[in-house]
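Overview (structure and organization)
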Amino acid sequence: MRITMIGTGYVGLVSGVCFADFGHDVTCVDKIEDKITRLKAGEVPIYEPGLDALLDKNVKAERLHFTTDLAEAVKGADAVFIAVGTPTRRGDGHADLTYVYAAAAEIAQHLDGYTVIVTKSTVPLGTNREVARIVSETNPKADFSIASNPEFLREGAAIEDFMRPDRVVVGCEDDRAKDVMNAVYRPLSLREFPVVFTGLETAEMIKYAANAFLATKITFINEIATLCEKTGADVKDVAKGIGLDARIGGRFLHAGPGYGGSCFPKDTKALARIGQEHAAPQRIVEAVIEVNESVKRRMIDKIFELLDDKAAGKKVAVLGVTFKPETDDMRDAPSLTIVPALVGAGSDVHVVDPQGKHEGEALLPNVTWCDDPYIAAKDADLVVILTEWNEFRALDLQRMSGSMRTAAMADLRNIYGAVRANEGGFTAYQGVGRG
């Protein structure tokens, strides 16, 4: 199959590389010339484990190509995927569909023979029908179908998720489109990974509902964590006890500083807005959004308590600022709320993150970046663990605490626990929901 991928952001690049590894001929298109130049040189603009090696393999096999020429890439393609950004629109919480609709209009001008136009971006209900309208209006003679194919990639595990998915969801409404999409995903169906075909609106809803449900699980356990702290219960044991129930499951039941990233904040806001517009308020989702913000503020209170509410002039070492490990993504990370609060209160903040500096330097001004957690913690009054990178899971606590001015830890990912921290020389410790 000849596949064209419009957009080389996180979703577009990962999907394009993985489709090429399936054996398809894939051309990835982006308007940013510097990005395409770097990709042609084998430089991957995002951090995703294993992506650079897989990209290099498929470029060498001549299955993967990069260009700024959308017209040439679209001609003769069996399927053209739209994988451009849909950020939250300022002021109303809607997904901004400017880039999706612009891509649809440009694709329409260059269609050559029957083509399936596939929306890979996360889009509100009705978007795919609007894409079809734009294409027909722009090019009345176009022979095309529309399909919705939402992505379910976890940053840090995206290649595994693409190659071994829980499911693939395809929304389409004619047999020709279904045949093309079956051919696109044949390598997965041959290995009996489920490919679920639905209507367009159903596929759009599945994506939002899935992300909203996962965000709800995270927020639920964070609220339980607050109650655990008040009552002496241990949220880690609570999460294990309820997660072993097959109806609930243990994933996304890890108490912490709240969810962030490119999907959950944006998609919960969009779903809440869709509900309001259709007079079907999504009250649970609205509460999730509100509680998640309050969780971040509660983490700030924990940190200030460990500083005796005297943050000015105190040195604080922050370990991890990306929204999760194994990614360089800073979008809506809890650090973007917590670190500025410390800086604003007058703390001397030293930050360590294996991949966060590239984006973080611009987003977190007035901090000192370090490569080593022990250097960051030297003479510090507090260590704050914000992201559970593997590098922070087996710290020499005696070495760290021994070099600090005040041996205090805010373990906002519950990596160590009070007993282990105390044995490691920390005299003050705060976890999340540990009683």
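These notes cover the structure that comes with them.

1. Overview of the overall build of the protein
- Helix and strand content of the protein: 18 helices and 14 strands.
- At 24 Å, the protein has a C-alpha radius of gyration in line with the 22 Å of a compact globule built from 435 residues.
- C-alpha atoms of the protein, sized along the principal axes, occupy 70 × 50 × 40 Å.
- Taken across its 435 residues, the protein has 53% of its residues classed as buried.
- Accessible surface, the protein as shown: approximately 18,900 Å² in total, 50% of it carbon and sulfur.
- Considering the protein, the positive charge centre built from 50 side chains and the negative charge centre built from 63 side chains are found 2 Å apart.

2. Section: unusual backbone geometry
- The backbone phi angle of glutamate 62 is positive, close to 60 degrees, even though this residue is not glycine.
- Here glutamate 62 is to be found in the loop between α3 (51–60) and β3 (64–67).
- Among the residues examined, glutamate 62 registers a relative accessible area of 62% and is labelled exposed.
- One non-glycine residue, phenylalanine 252, adopts positive backbone phi at about 70 degrees.
- Structurally, phenylalanine 252 can be placed in the loop between α11 (235–243) and α12 (264–277).

3. Section: the sheet that holds strand β10 (residues 348–352)
- Here we have six strands laid out as an open sheet, ordered β11-β10-β9-β12-β13-β14, and parallel in their pairing. Unpaired on one side and paired on the other, β11 (368–370) and β14 (428–430) mark the two borders of the sheet. On average, each strand axis in the sheet is tilted by 20 degrees relative to the strand beside it, whichever way the strands run.
- Sheet topology places strand β9 (residues 315–319) next to strand β12 (residues 382–385); four bridges connect them, and they run parallel. Following the sheet pairing, alanine 317 is matched in β12 by valine 383.
- On top of the sheet, helix α13 (residues 283–306) reaches β12, β13 (408–411) and β14; it is set at about 175 degrees to β14, its chief contact.

4. Structural notes on the packing of helix α1 (residues 10–21) against α3
- Taken N-terminus to C-terminus, the directions of α1 and α3 make an angle of 50 degrees; their axes are 9 Å apart at the nearest point. Considered as vectors, α1 and α3 are oriented oblique to each other. Considering how the two elements wind past one another, α1 and α3 form a crossing that is left-handed. In contact with Leu13, Val14, Val17, Cys18, Ala20 and Asp21 of α1, α3 contributes Leu51, Leu54, Leu55, Lys57 and Asn58.
- Residues that form the contact of α1 with α3 fall into these classes: eight nonpolar, one polar and two charged.

5. A look at a negative patch on the surface
- Together, Asp301, Glu305, Asp308 and Asp309 give the surface a local cluster of negative charge.
- Inspection of the secondary structure puts glutamate 305 in helix α13.

6. Some details on the pattern of salt bridges
- For the coordinates displayed, the defined rule picks out 25 salt bridges.
- The salt bridge involving arginine 331 is made with aspartate 329; its shortest N-O contact spans 2.8 Å.
- Glutamate 388 is the partner of arginine 413 in a salt bridge, and the nearest nitrogen-oxygen pair spans 3.2 Å. Here glutamate 388 lies in the loop between β12 and α17 (397–402) and arginine 413 lies in the loop between β13 and α18 (418–423), a separation of 25 residues in the sequence. Pair check on accessibility: arginine 413 and glutamate 388 agree, each one buried.
- Connected through salt bridges with shared partners, the residues Arg129, Glu173 and Glu201 form a single ionic network.

7. Some thoughts on the environment of methionine 5
- Among the structural elements, methionine 5 can be located in strand β1 (residues 2–6).
- Taking relative accessible area as the criterion, methionine 5 reaches 0% and is therefore assigned buried.
- Remark: the alpha-carbon pair of methionine 5 and serine 15, spanning 10 residues in sequence, is separated by 8.1 Å.
- If we skip the residues at most four places from it in the chain, methionine 5 touches Gly12, Ser15, Gly16, Phe19, Thr27, Cys28, Val29, Phe81 and Ala83.

Quick notes on the rules
Residues numbered from 1 in each chain as written. Predicted model: local features only at pLDDT ≥ 70, side-chain atom pairs only at ≥ 80, totals over all residues. Heavy atoms only, no water. Helix = DSSP H or I, 4+ residues; strand = E, 2+ residues; numbered from the N terminus. Rg over C-alpha atoms; globule rule 2.2 N^0.38 Å. Buried < 20%, exposed > 50% of the residue type's maximum accessible area, 1.4 Å probe, protein only. Areas by Shrake-Rupley, 256 points an atom, 1.4 Å probe, with all protein chains shown as cover. Lys, Arg positive; Asp, Glu negative; His and termini not counted. Charge placed at Lys NZ, Arg CZ, Asp CG, Glu CD. Pairing = 2+ DSSP bridges. Axes fitted to C-alpha atoms, helices over the stretch in contact; angles between N-to-C directions. Contact = heavy atoms within 4.5 Å. Parallel < 35°, antiparallel > 145°, perpendicular 65-115°, else oblique. Left-handed = near helix turned anticlockwise from the far one by under 90°. Nonpolar A, V, L, I, M, F, W, Y, C, P; charged D, E, K, R; others polar. Patch = residues over 30% accessible without salt bridge, like charges linked within 9 Å, V, L, I, M, F, W, Y side chains within 5 Å. Salt bridge = Lys/Arg side-chain N within 4 Å of Asp/Glu carboxyl O.

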